[in-house]
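Summary of the model geometry
Listed below are the residues making up each chain.
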Protein chains: 2
Amino acid sequence: MHPQSPPAESAGTGRRTRIDDDAARERALQAADRLYYSRGIQAVGMDDLRAESGLSLKRLYALFPSKEAIVEEVLHRRHDTWVQGVTSAVQLAHSPRERLLAIYDFLGRWFSDDDFRGCAFINSFGELAGVVPRVAEIVRDHKTDFQRYVAQLVADAGGSADLGPQLVLLAEGAQVTAAIAGTPEAAGHARRAAETLIDADLNVGVRA
Amino acid sequence: MHPQSPPAESAGTGRRTRIDDDAARERALQAADRLYYSRGIQAVGMDDLRAESGLSLKRLYALFPSKEAIVEEVLHRRHDTWVQGVTSAVQLAHSPRERLLAIYDFLGRWFSDDDFRGCAFINSFGELAGVVPRVAEIVRDHKTDFQRYVAQLVADAGGSADLGPQLVLLAEGAQVTAAIAGTPEAAGHARRAAETLIDADLNVGVRA
DNA sequence: TATAGTAGAGAACGTGCGTTCTCGCGTCAA
DNA sequence: TTGACGCGAGAACGCACGTTCTCTACTATA
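Let me sum up the structure you'll find in this document. Numbering of residues starts from 1 in every chain and runs along the sequence as written. Following the order in which they are written, the chains are lettered starting with A and the ligands numbered starting with 1. Local features are withheld for residues below a pLDDT of 70 in this predicted model, meaning they are given only at 70 or higher, and side-chain atom pairs are given and counted only at 80 or more; totals for whole chains, interfaces and linings count all residues. Side-chain measures here rest on the full set of heavy atoms in the structure, leaving out hydrogens and waters.

Right, let's get into the nonpolar core. Residues Leu167(A), Leu170(A), Leu167(B) and Leu170(B) are the most contacted members of the largest nonpolar core, which totals 139 residues. Among residues more than four places away in sequence, those in contact with Leu167(A) are Leu100(A), Tyr104(A), Val150(A), Val154(A), Ala194(A), Leu197(A) and Ile198(A). The set of buried Ala, Val, Leu, Ile, Met, Phe, Trp, Tyr and Cys residues whose side-chain atoms join them within 4.5 Å is what this entry labels a nonpolar core. Burial classification: accessible surface area is computed with a 1.4 Å probe over protein chains only, and a residue below 20% of its type maximum counts as buried, one above 50% as exposed, and the rest as partly exposed. Here, residues are in contact when the closest pair of their heavy atoms is within 4.5 Å.

Moving on to the protein's contact with DNA strand D. As a structural note, the neighbourhood of DNA strand D is formed by 11 residues, with Lys58(A), Gly45(B), Met46(B), Tyr61(B) and Lys67(B) the closest of them. As used in this structure description, the phrase polar contact means that two N or O atoms lie within 3.5 Å; if the pair is within protein, one of them must be able to donate a hydrogen and the other to accept it, and residues adjacent in sequence are counted only when both atoms belong to side chains. Lys58(A) has a polar side-chain atom sitting 3.1 Å from a base oxygen of DNA strand D. Between Met46(B) and DNA strand D, the recorded distance is 2.5 Å, taken from a backbone N or O atom to a phosphate oxygen. Of all the secondary structure elements, the ones that give two or more residues to the surface near DNA strand D are helix H3 (57–63) of chain A together with helix H3 (57–63) of chain B. The classification used treats Ala, Val, Leu, Ile, Met, Phe, Trp, Tyr, Cys and Pro as nonpolar, Asp, Glu, Lys and Arg as charged, and all other residues, Gly among them, as polar. A breakdown of the residues in the surface near DNA strand D according to their chemical character gives 4 nonpolar, 4 polar and 3 charged. Near is defined per residue: the residue qualifies when any heavy atom it owns lies within 4 Å of the molecule or strand. Helix and strand assignments follow DSSP, with helices taken as H or I runs no shorter than four residues and strands as E runs no shorter than two, numbered in order from the N terminus.

Topologically, Arg117(B) is positioned in the loop between helix H5 (96–111) and helix H6 (120–128). Only four residue types enter the tally: Lys and Arg on the positive side, Asp and Glu on the negative side; His and the chain ends are excluded. In the sections that follow, a salt bridge refers to a side-chain nitrogen of Lys or Arg positioned within 4 Å of a carboxyl oxygen of Asp or Glu. With no salt bridge to any partner, buried Arg117(B) finds its closest opposite charge in Glu127(B), at an N-O distance of 7.4 Å. Non-local contacts of Arg117(B), meaning those with residues more than four positions away in its chain, are made with Phe125(A), Gly126(A), Ala129(A), Gly130(A), Tyr37(B), Ser38(B), Arg39(B), Gly40(B), Asn123(B) and Ala179(B).

For the structure shown, the criterion picks out 31 salt bridges over all chains. The partner of Arg39(A) in a salt bridge is Asp48(A), with the nearest N and O atoms 3.9 Å apart. Across the salt bridge formed by Arg34(B) and Glu52(B), the nearest N and O atoms sit 2.7 Å from each other. Remark: Glu52(B) occurs in helix H2 (residues 46–53) and Arg34(B) occurs in helix H1 (residues 18–39); sequence separation between them is 18 residues. Glu52(B) gets classed as partly exposed once you look at its relative accessible area, which sits at 35%.

For any two helices packed against each other, one specifies the crossing angle of their axes together with the interaxial distance. Whenever a helix is involved, its axis is fitted only over the stretch in contact; in every case the axis is a line through C-alpha atoms, and angles between N-to-C directions fall within 0 to 180 degrees. Where helix H8 (residues 163–181) of chain A contacts helix H8 (residues 163–181) of chain B, the two axes come as close as 7 Å, and the packing angle between them is 95°. Put simply, H8(A) runs roughly perpendicular to H8(B). Across from Gln166(A), Leu169(A), Leu170(A), Glu172(A), Gly173(A), Ala174(A), Val176(A) and Thr177(A) in H8(A), the residues of H8(B) making contact are Gln166(B), Leu169(B), Leu170(B), Glu172(B), Gly173(B), Ala174(B), Val176(B) and Thr177(B). A breakdown of the residues in the contact of H8(A) with H8(B) according to their chemical character gives 8 nonpolar, 6 polar and 2 charged. Angle categories: roughly parallel below 35 degrees, roughly antiparallel above 145, roughly perpendicular from 65 to 115, and oblique for all the rest.

Time to look at the relation of the copies chain B and chain A. When the copies are overlaid, the least-squares fit takes in C-alpha atoms only where the residue has pLDDT of at least 70 in both copies. The two copies are related by a screw operation: chain B maps onto chain A through 180° of rotation and 0.0 Å of translation along the axis, at an RMSD of 0.0 Å. Taken together, these values place the two copies in the relation of a two-fold axis. When C-alpha distances to the rotation axis are compared across chain B, the minimum falls at Gly173(B), with a value of 1.9 Å. Most of the interface of chain B is mirrored in chain A, where 100% of its interface residues are also at the interface.

Encoded structure:
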């Protein structure tokens with residue numbers, strides 16, 4: 001079962017938890033992500049997390065100093081997952097224009113997940129930004145990173161500086177709208193709008 | 001001080017609160033809106049609301065059956081304020097195209113408010129939709145209403161059925177982005193994107 | 001002035017939270 | 001087998017919340 005043998009060499013001091021701690025952290029963070037994403041952060045107590053993760057409260061507090069630390073790490077992991085999902089979807093496309101549009105196809109697949117409940121960063125911002133500045137900061141960093149990424153794709157496609165922020169607005173609006181409506185169609189609307197904006201932008205130089 | 005004289009005609013039963021109740025409700029709801037909007041709903045207790053409104057807890061619970069009822073009424077009033085703000089901004093424009101673009105100018109002015117903290121409905125959805133279905137419903141109704149309104153403006157401008165949802169995505173994305181970034185520039189990006197989408201859509205018939 | 005009724009201040013109540021502590025069991029070295 | 005340790009279960013603690021209740025002071029009439 002365990003891919004790694006227990007560290008028998010640390011004999012003297014009964015320490016034997018290095019690998020188990022990693023697995024426990026993973027379980028805790030996955031459970032926290034599930035719960036926070038589906039119910040919100042404040043509505044999920046540490047006891048809910050204990051039940052969902054199967055870890056004792058003692059273990060949870062040995063692994064993390066506080067609930068807020070768990071929240072921050074969950075958001076950081078969500079960011080990594082998002083970056084990986086977007087970039088891998090984008091990399092499958094074969095032209096700069098297709099790479100930009102791949103973002104909306106990726107969103108469409110995500111919106112169709114049964115447990116899709118919007119962008120965790122937007123949700124966290126609405127819930128906690130007014131009262132936990134660190135969360136506001138993490139959300140801001142996440143969105144700034146996405147804006148930079150899209151700007152780079154736009155530059156690769158030869159688009160103007162205005163196009164990036166416009167395409168980002170479509171992506172953000174689609175996430176919000178799909179979450180609230182409970183349907184994935186916003187991704188299609190965003191994609192078609194993006195096509196129009198991209199083609200208009202790339203043809204400006206041609207037409208003039 | 002008081003613009004209205006006390007209702008001395010209700011002599012028999014010491015009842016004398018009809019008008020005062022209205023004023024008290026107004027104070028309570030304005031205070032609740034301020035607090036919920038700036039800090040989030042769960043982070044604001046009834047005692048905070050008591051301090052901000054200047055009304056006693058007893059009075060608050062005489063006026064409203066529960067905190068959730070206050071939350072719902074605050075959202076309903078926000079909806080009315082939003083509708084009034086958007087429609088009055090739109091009505092000042094002189095052409096169908098300008099009327100659509102007036103939405104983004106209205107957003108830009110709103111984003112520049114010192115206390116702008118995003119769309120209260122999006123924020124409430126992120127915070128409570130997973131745990132208070134009534135809030136999710138009110139938010140959904142609010143967004144559906146806006147989509148219908150924009151669709152009508154698009155129809156008046158002779159636009160196609162796809163244009164409305166696309167313009168809505170820009171507005172939603174701008175609200176989210178302006179809130180998280182803390183800057184109003186998203187309104188300008190949304191406006192320019194909207195111009196492109198509108199012109200492309202209205203010229204399809206011409207070009208074909 | 002005396003009295004009934006009202007409303008505000010805030011204590012009280014029950015609950016649930018984040019966090020820490022206690023207890024008892026199981027595990028392993030000698 | 002013994003004994004010490006480590007861990008999980010969950011009780012305990014302090015606090016804050018939503019809601020209700022109590023007490024006091026004041027207003028208005030006779």
